[in-house]
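Analysis of the macromolecular model
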Amino acid sequence: MVGRGELTDAAWQRIAPLLPSVDGRGRPWRDRRQVINGVLWRLRTGAPWRDLPERYGPWQTVYERFARWEGDGTWAHLLEQVQVRDDSAGAVEWTVSVDSTVSRAHQHAAGARKKGAAAGDELEDPARSAARQALGRSRGGLTTKVHLACDGRGLPLAVVVTPGNINDSTVFDTVMGELRVPRTGAGRPRRRPDVVLADKAYSSRAIRQAMRGRGIRTVIPERADQKANRLRRGRAGGRPPAFDRELYKSRNVVERCFGRLKQFRAIATRFDKLAHRYRAGVHLASLILWLREPTQDPLSDNA
């Protein structure tokens, strides 16, 4: 029987062929579906790895497999492959919404080991170490910010993790650079959406010019201070940027995507010390959203 929060048979059949195969060397691998269900249990509950229920096997095995597949890019590869499949079927809606959300970092997320300098007699600067692990200090304490680009259905296409005190507009180019869906046959991966929707945090001349140069339509509202400055300059201020109010109403899909991702408590609150481990968790949670079928959720709620 499929337990609460575990992969259904339909979801497992989709990702099983994409997982690394056993090469026959060393000890036999524990059942991969059992291990992934263990990782999902921890991602959903936010509990320490050591508290993993016995039905998923030794917690060390589950954690090591999670870390190994993060290191070799398996989690990111799985997400990419389900995107490729949907895009080849014409299911991906290339009206892309970009936004970010802040996740509070638990006290256990800080304090990752700091590597010494080349001579081994100096420690890395604490502030630099925190920034490298995507931890930023703000009024609420240490936070991490997750930047997403979602398609028109609210499914993640690109994920970027930064410290929580980083301005959204400075990461826009990085998010768009992560937007990449390979083709099933010949041809370059698709990197250019039809339209990009974003809120006022991304309202800048540089962003609009960059998207215009790539032939991408942008729908970004103008900030009040920018509008006042433009009007103050008269004709020299130029024309107001084009803005489609009706199309902008579709931007809420990225907000709903954040709400669905944060149903995983290890995403809503960061417990991982290392930024790439936290990002791997976001990749896995995003994969679950992509595996969701119209009539059945691969994360079953059965007791």
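You'll find the structure just up there.
Here we look at the side chain of serine 203
Looking at where serine 203 falls in the secondary structure, it is placed in the loop between β5 (195-197) and α7 (205-213). Among the polar contacts listed, one links the side chain of serine 203 to the side chain of arginine 208, at a separation of 3.3 Å. Residues contacting serine 203, with those up to four places away along its chain left out, are Arg208, Ile220, Pro221, Glu222, Arg223 and Gln226.

A few points about helix α3 (residues 59-71)
In an α-helix there are 3.6 residues to a turn, and that puts residues three or four apart on one side. In this model α3 runs 18 Å from its N-terminal to its C-terminal C-alpha over 13 residues, within 8% of the 18 Å that 1.5 Å per residue would give. The set of residues buried in α3 consists of Val62, Arg65, Phe66, Ala67, Trp69 and Glu70. The first or second residue beyond α3 is glycine 73, which carries a positive phi of 80°.

Concerning α7
Taken together, the buried positions of α7 are Ile207, Arg208 and Met211. Down the axis, α7 shows its buried residues gathered within 95° of arc, on one side only. Within α7, the exposed residues directed more than 90 degrees away from the buried face are Arg205, Ala206, Arg212 and Gly213. Residues of α7 that are buried make contact with α6 (172-178), β5 and β6 (217-219).

Points about the nonpolar core
With 70 residues, the main nonpolar core has Ile36, Val98 and Leu148 as its most contacted residues. No other element matches helix α12 (residues 275-291), which puts eleven residues into this core.

Some details on the packing of aromatic side chains
All told, the structure shown has six aromatic pairs when counted by the stated rule. Arranged with centres 6.1 Å apart and planes meeting at 40°, the rings of phenylalanine 66 and tryptophan 75 form a pair that is tilted. Taken together, a centroid distance of 5.3 Å and an interplanar angle of 55° make the contact between phenylalanine 243 and tyrosine 248 tilted. Among the residues examined, phenylalanine 243 registers a relative accessible area of 32% and is labelled partly exposed. An aromatic cluster is defined as three or more aromatic residues linked by ring pairs; in this entry it consists of Trp49, Tyr63, Phe66, Trp69 and Trp75.

Re the pairing of strand β4 (residues 156-163)
Along β4, eight of the eight residues are buried, which leaves the element largely enclosed by surrounding structure. Relative to β4, strand β3 (residues 141-150) runs antiparallel, the two being bridged by seven bridges. Paired with histidine 147 across the strands is valine 160, a residue of β4. With antiparallel pairing between neighbouring strands as the criterion, β3 and β4 make up a hairpin whose turn holds five residues, including glycine 154 at a positive phi of roughly 85°.

Criteria and thresholds
- Residues numbered from 1 in each chain as written.
- Predicted model: local features only at pLDDT ≥ 70, side-chain atom pairs only at ≥ 80, totals over all residues.
- Heavy atoms only, no water.
- Helix = DSSP H or I, 4+ residues; strand = E, 2+ residues; numbered from the N terminus.
- Polar contact = N/O pair within 3.5 Å; in protein donor to acceptor, adjacent residues only side chain to side chain.
- Contact = heavy atoms within 4.5 Å.
- Expected span 1.5 Å × (residues − 1).
- Buried < 20%, exposed > 50% of the residue type's maximum accessible area, 1.4 Å probe, protein only.
- Arc of directions from axis to C-beta.
- Core = buried A, V, L, I, M, F, W, Y, C linked by side-chain atoms within 4.5 Å.
- Phe/Tyr/Trp six-rings, centres within 6.5 Å; stacked < 30°, edge-to-face > 60°.
- Pairing = 2+ DSSP bridges.

That is the geometry; function is a separate question.
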